[in-house]
Amino acid sequence: MKIDQVSDSVYVVAGTNVNWALVSDDRGVTVVDAGYPADTAAVLSSVSQIGHQLGDIAAVLVTHAHLDHIGAIPALVERAGVPVYTGAEEVRHAKREYLQQITPLQMVGQLGSRRGAVWVAQTLRACVGHIGMSVPTAVAADAETLAALPGGFVAVPTPGHTNGHTAYFMPSEGVLFSGDALVTGHPIARETGLQLLPGVFNHDEPGALASARSLADLGAEVMVPGHGLPIREDLPALLGAFAKS
Ligand SMILES: [Zn+2]
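Overview of the structure.

Analysis parameters
- Residues numbered from 1 in each chain as written.
- Predicted model: local features only at pLDDT ≥ 70, side-chain atom pairs only at ≥ 80, totals over all residues.
- Heavy atoms only, no water.
- Helix = DSSP H or I, 4+ residues; strand = E, 2+ residues; numbered from the N terminus.
- Rg over C-alpha atoms; globule rule 2.2 N^0.38 Å.
- Buried < 20%, exposed > 50% of the residue type's maximum accessible area, 1.4 Å probe, protein only.
- Contact = heavy atoms within 4.5 Å.
- Areas by Shrake-Rupley, 256 points an atom, 1.4 Å probe, with all protein chains shown as cover.
- Lys, Arg positive; Asp, Glu negative; His and termini not counted.
- Charge placed at Lys NZ, Arg CZ, Asp CG, Glu CD.
- Patch = residues over 30% accessible without salt bridge, like charges linked within 9 Å, V, L, I, M, F, W, Y side chains within 5 Å.
- Salt bridge = Lys/Arg side-chain N within 4 Å of Asp/Glu carboxyl O.
- Polar contact = N/O pair within 3.5 Å; in protein donor to acceptor, adjacent residues only side chain to side chain.
- Pairing = 2+ DSSP bridges.
- Donors = N, O, S within 2.8 Å, 3.2 Å for Na, K, Ca; no water.
- Tetrahedral: all angles 85-135°; square planar, octahedral: opposite > 155°, others 65-115°.
- Axes fitted to C-alpha atoms, helices over the stretch in contact; angles between N-to-C directions.

**Considering the overall build of the protein chain**
1) Next: Of the regular secondary structure elements, the protein chain holds 9 helices and 11 strands.
2) Next: Computed over C-alpha atoms, the radius of gyration of the protein chain comes to 16 Å, within 12% of the 18 Å expected from 2.2 N^0.38 for 245 residues, which places it in the range of a compact globule.
3) Next: Principal axes of the C-alpha set define a box for the protein chain whose edges measure 50 × 40 × 30 Å.
4) Next: Counting all 245 residues of the protein chain, 54% fall into the buried class.
5) Next: Put simply, 64% of the contacts in the protein chain that link residues at least 6 apart link residues at least 24 apart.
6) Next: A total of about 10400 Å² of accessible surface is found on the protein chain, and carbon and sulfur atoms cover 54% of it.
7) Next: Charge separation in the protein chain, taken as the distance between the mean sites of 13 positive and 23 negative side-chain charges, equals 9 Å.

Here is the structure:
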């Protein structure tokens, strides 16, 4: 686990090939995404490492309900009664009314390359015992609720990676939590820099591309992706170039 403060209130934590973020202000803490199940202890410990207690957590915001973004939620709900908010459509995914996630067969397909084989092994280790988990307490957050959370957020519907994928923008510090709508790296990707996740992860590739391009319109200065390093410099130019690519 590595904690990187990217703005006055925002801390990005790198866990098992995935990021989550902690947003801290005088109202408490908002957790954005929650790592793999095996990251649970790290998620809890990251909250104390930035000087907060579990009781300070006002909510978990979920960009989408893949296993690498919801892992610590059962512990946060059980131990601190934390509310879980996501996009209206993603609520159904979080409750596993349907599943839009890489299949076991598609994972086997990654074993052909060395980087793919390493990623599969790490992923299985990070999920073991929790493959079937869901988030029964997930609810949709309205605009007023999101604005009143520590940090203050606006939901940005970004369908494609999943139908209900939702990015979050924090206007007060210009921070975009892009989730998996737009990332800067992944263990099975060759390059770093602004990119979509490899196609095997996206439920609707054209939709994912359109959503990612639309993120340039927000006026964000800092981007916190679900995978890869945050971007703190030249973000408007980088997003603009991506939108035209
Ligand atoms: Zn992810």
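Alright, that's what it looks like, and here's the rest.
**A few points about a nonpolar patch on the surface**
1) Next: Taken together, the side chains of Leu105, Val108 and Leu111 make up a nonpolar region of the molecular surface, amounting to roughly 310 Å² of accessible area.
2) Next: Structurally, Val108 is set in helix H5 (residues 104-109).

**A short note on the pattern of salt bridges**
1) Next: A full pass over the atoms with the stated rule returns 4 salt bridges.
2) Next: Between Arg232 and Asp4 there is a salt bridge, and its shortest N-O distance comes to 3.6 Å. Here Arg232 is found in the loop between strand E11 (222-225) and helix H9 (235-244), whereas its partner Asp4 is found in strand E1 (residues 2-5), with 228 residues between them in sequence.
3) Next: With its nearest N and O atoms 3.0 Å apart, the salt bridge here joins Arg92 to Glu97.
4) Next: On the basis of relative accessible area, Arg92 is assigned to the partly exposed category, the value being 36%.
5) Next: For Glu97, a relative accessible area of 51% gives the class exposed.
6) Next: Salt bridges sharing partners connect three or more residues here, namely Glu89, Arg92 and Glu97.

**Details of the side chain of His161**
1) Next: Relative to the elements of secondary structure, His161 occurs in the loop between strand E8 (154-157) and strand E9 (166-170).
2) Next: Taking relative accessible area as the criterion, His161 reaches 3% and is therefore assigned buried.
3) Next: A distance of 3.4 Å separates a polar side-chain atom of His161 from the backbone oxygen of Phe201.
4) Next: When near neighbours in sequence (up to four residues on either side) are disregarded, His161 contacts His64, His66, Asp180, Leu197, Phe201, Asn202, His203 and Ala208.

**Some points on the pairing of E1**
1) Next: Pairing between E1 and strand E2 (residues 10-14): 4 bridges, direction antiparallel. Looking at E2, one finds that Gln5 is bridged to Tyr11.

**Points about the coordination of the zinc ion**
Geometry reference: four tetrahedral donors at a metal, ideal angle 109.5 degrees. Six octahedral donors, ideal angles 90 or 180 degrees.
1) Next: Looking at the zinc ion, one finds its protein donor set to be Asp68 (OD), His69 (NE2), Asp180 (OD) and His227 (NE2), positioned 2.0 to 2.3 Å from the metal centre.
2) Next: Classification of the site at the zinc ion rests on its 4 donor atoms, whose angles at the metal span 87 to 161°, yielding the label irregular.
3) Next: Positions of the donor residues of the zinc ion along the chain correspond to the pattern D-H-x110-D-x46-H. With Asp180 in the loop between strand E10 (175-179) and helix H8 (205-214) and His227 in the loop between E11 and H9, the pair connects residues that are 47 residues apart, well separated along the chain. Each member of the pair, Asp180 together with His227, is buried.

**A closer look at the sheet that holds E11**
1) Next: Ordered by their spatial adjacency, 4 strands build an open sheet running E8-E9-E10-E11, and the pairing between neighbours is mixed. With one partner strand each, in any of the chains shown, E8 and E11 form the two edges of the open sheet. Taking the axes of each pair of neighbouring strands and ignoring which way they run, one obtains an average angle of 25° across the sheet.
2) Next: The sheet contact formed by E10 and E11 spans 4 bridges and is parallel. Each residue of the ladder has a partner; that of Val175, found in E11, is Val222.

**As for helix H1 (residues 40-49)**
1) Next: Along H1, the residues classified as buried are Thr40, Ala42, Val43, Leu44, Ser46 and Val47.
2) Next: In the stretch just after H1, Gly51 is the one whose phi turns positive, near 90°.

**Digging into the sheet that holds strand E6 (residues 84-86)**
1) Next: If you walk across this open sheet you meet the 7 strands as E1-E2-E3-E4-E5-E6-E7, and the pairing is mixed. Edge strands, defined here as strands with exactly one partner in the open sheet, are E1 and strand E7 (138-140). Strand after strand, the sheet turns through a mean of 30° between neighbouring axes, direction not considered.
2) Next: The strands that H1 touches are E1, E2, strand E3 (19-25) and strand E5 (57-61); relative to E3, the one it contacts most, it runs at about 30°.

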